[in-house]
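Listed below, chain by chain, are the residues.
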Amino acid sequence: MNTTERRCTDKHHYSLADLGWTAEHATAFDRYNGDYVAGRVSCRQKTSWEVLIEGELVTTGISGAMKRLGRYPAVGDFVVLLRQPACGTTMIVDILPQRTRFTRGAAGREGSNQVIAANVDTVFIVTAAGRDLNPRRTERYLAIAHASGAHPVIVINKCDLADDPTVLADEILAVAGSTPVITISAATGEGLERLLPFLEPGSTIVLIGSSGVGKSTLINRLLDQSVQKTSETRVHDQRGRHTTTVRQLIVLNGGALMIDTPGLREVGIGTASEGIDEAFPDILMLAEGCRFSDCRHEQEPGCAVQQAVRDGVLTTSRFNNYHRLVKELAFEKAKAEIGLARMEKKRWKQISGHGKLVNSVRAARDL
Ligand code: GDP
Ligand code: ZN
């Protein structure tokens, strides 16, 4: 099947390939027979999901089993729908494996309910010339992007405000490692063509970054105005009223897909533990020289990381930011554990209540 031929200007006439469907998804979907169709979640409401399937957009719910398991599909998820032609209804019955995922906060028991976007290929970490051009903040977003599994690209916006855009990039290049750094101006359109290699048809992108750096301006640039307008849809809320929602997964003119959902743009450090290591490969490498394998690079003797700071190999600011992110993550984890402990305690109360009952029954029997 030729996907370019299949792509149609009509807003809902997408093939699965247009929507980013991969061989892995196809393999995972193989075990479902003809009553099932696959699609991609384009909008998530509280209790309903909009799913783009081949040639059509459906608004649907999830099965009772998924509700019980707390398996709530996120925007970008590929899902399996059961069609019941007799009554003309559909229902989501499964989520296909997520290649990458952005999660909210620390992972709790709710599991997939915490996913805010799934199957993202590329993350544009947007920063801007001026006050926001902050390598420390960029390190943080790099950790978040790496933790998701998607490929980061650092986008320095507002280059029209800089005297020399190359100087602008230099500061960020120092923390970028192998991550591409691209300077643009969303306002003037300068440099936007440099983003094209990351906007391949069927690939999914998201934008993250602090507020004010120009994410909305860039999104509007990437979108054709008409696409944005037609992507408004009317859905029924629980009270049966019509509400207007803006599609959270949008097919751009060139065929790339963009996810823009509340909470994603300012996503937190959350579960970025593996991401921190990937954002600081230099520290990870230096740490191999520490005397203790569990060295926290604080006050320990024989710490190669601290030595590197003293030697001027590692900057103090990068070292301090690393510690700040590690501490922040520990705090998020502790918060999540407190939440878990509360749940455990509640459950324990129920069990021990039950235990008391058993004991008093035994006591009565023994009398
Ligand atoms: P967001 O909070 O990240 O979505 O940022 P916005 O897109 O709302 O932009 C914040 C401000 O920066 C607005 O006043 C924009 O007009 C301005 N802005 C965005 N991109 C550029 C740019 O490339 N150059 C300049 N000079 N201003 C920009
Ligand atoms: Zn150390």
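Note that this is a predicted model, so its numbers are computed, not measured. Residue positions are given per chain, counted from 1 along the sequence in the order it is written. The naming scheme follows written order: chains are lettered A onward, ligands numbered 1 onward. Note on the predicted model: pLDDT of at least 70 is required for a residue's local features to be given, and 80 or more for side-chain atom pairs to be given and counted; whole-chain, interface and lining totals, by contrast, use all residues. Here the side-chain values reflect all heavy atoms present in the structure, with hydrogen atoms and water set aside.

K.L.:
Please give an account of the overall build of the protein chain that cites residues and values.
P.N.:
Here a helix means four or more residues in a row that DSSP labels H or I, a strand means two or more in a row labelled E, and each is numbered from the N terminus. What the protein chain contains, in helices and strands, is 11 helices and 15 strands. Buried residues in the protein chain amount to 45% of all 367 residues. Contacts spanning at least 24 positions in sequence make up 65% of the contacts within the protein chain whose residues lie at least 6 apart. Split by element, the accessible area of the protein chain, about 19300 Å² in all, is 52% carbon and sulfur. The classification of residues rests on relative accessible area computed with a 1.4 Å probe and restricted to protein chains. Under 20% of the type maximum is buried, over 50% is exposed, and intermediate values are partly exposed. Note on contacts: a residue pair is in contact if any heavy atoms of the two residues lie within 4.5 Å. Residue burial considers only the protein chains on display, and all accessible areas are found by Shrake-Rupley using a 1.4 Å probe.

K.L.:
Tell me what's going on with unusual backbone geometry, and back it up with residues and numbers.
P.N.:
With the exception of glycine, most residues fall at negative phi, and the peptide bonds are largely trans. Its identity is not glycine, yet N119 carries a phi of approximately 60°, on the positive side. By secondary structure assignment, the location of N119 is in the loop between β7 (115–118) and β8 (122–128). For N119, a relative accessible area of 0% gives the class buried.

K.L.:
Could you give me a rundown of the environment of E190, with the residues and numbers involved?
P.N.:
Within the secondary structure, E190 sits in the loop between β10 (181–183) and β11 (204–208). Judged by its relative accessible area of 43%, E190 falls in the partly exposed class. Considering only alpha carbons, one finds E190 and N157, 33 residues apart in sequence, at a separation of 9.6 Å. When residues no more than four places from it in sequence are discounted, the contact partners of E190 are C159, I184 and S185.

K.L.:
Break down the layout of surface pockets for me, with residues and values.
P.N.:
Using protein atoms alone on a 1 Å grid, points that fit a 1.4 Å probe yet trap it form a cavity, whereas open point sets bounded by protein on both sides within 12 Å along at least five of seven lines form a pocket; residues with an atom within 4 Å of a point count as lining. Grid points are joined across faces, edges and corners, and a volume is the space filled by probe spheres set on the points. The computed volume of the largest pocket comes to approximately 480 Å³. D277, C295, R296, Y322 and V326 are, among the 21 residues lining the largest pocket, the residues nearest its centre. Of all the secondary structure elements, the ones that give two or more residues to the lining of the largest pocket are α8 (273–279), α9 (281–287) and α11 (316–366). If one sorts the elements of the lining of the largest pocket by residue count, α11 sits on top with seven residues. Side-chain classes are defined by residue name, with Ala, Val, Leu, Ile, Met, Phe, Trp, Tyr, Cys and Pro counting as nonpolar, Asp, Glu, Lys and Arg as charged, and the others, Gly among them, as polar. Taken together, the residues that form the lining of the largest pocket break down as 11 nonpolar, four polar and six charged.

K.L.:
Explain the coordination of the zinc ion (ligand 2) to me, and be specific about the residues and the numbers.
P.N.:
Within the protein, C290 (SG), C295 (SG), H297 (ND1) and C303 (SG) serve as the donor atoms for the zinc ion (ligand 2), at 2.2 to 2.4 Å. The donor set comprises N, O and S atoms within 2.8 Å of the metal, extended to 3.2 Å for Na, K and Ca; water molecules are omitted, so apparent gaps in a site may simply reflect that omission. When four donors show all angles between 85 and 135 degrees the site is tetrahedral, when four or six donors have opposite pairs over 155 degrees and all other angles between 65 and 115 it is square planar or octahedral respectively, and in every other case it is irregular. Its four donor atoms give the zinc ion (ligand 2) angles of 103 to 116° at the centre, a pattern that matches the tetrahedral case. Sequence positions of the donors to the zinc ion (ligand 2) reduce to the motif C-x4-C-x1-H-x5-C. Residue C290 shares its accessibility class with C295, and that shared class is buried.

K.L.:
Quick rundown of the site of ligand 1? Include the residues and the values.
P.N.:
A molecule or strand has a residue near it when one of that residue's heavy atoms lies within 4 Å. Taken together, 16 residues lie around ligand 1, and D160, G212, K215, S216 and T217 are the ones closest in. A187 is positioned with one of its backbone polar atoms (N or O) 3.1 Å from an oxygen atom of ligand 1. Within 3.5 Å is the distance limit for a polar contact, defined as a pair of N or O atoms, with the added protein rule that one can donate a hydrogen and the other accept it, and that residues adjacent in sequence qualify only through two side-chain atoms. One of the side-chain N or O atoms of T217 is found 2.6 Å from an oxygen atom in ligand 1. Notes on ligand 1: free accessible area 580 Å², of which the protein chains cover 67%. Residue contributions to the shell around ligand 1 peak at three residues, all from helix α6 (residues 215–222). For the shell around ligand 1, the class distribution of residues is four nonpolar, eight polar and four charged.

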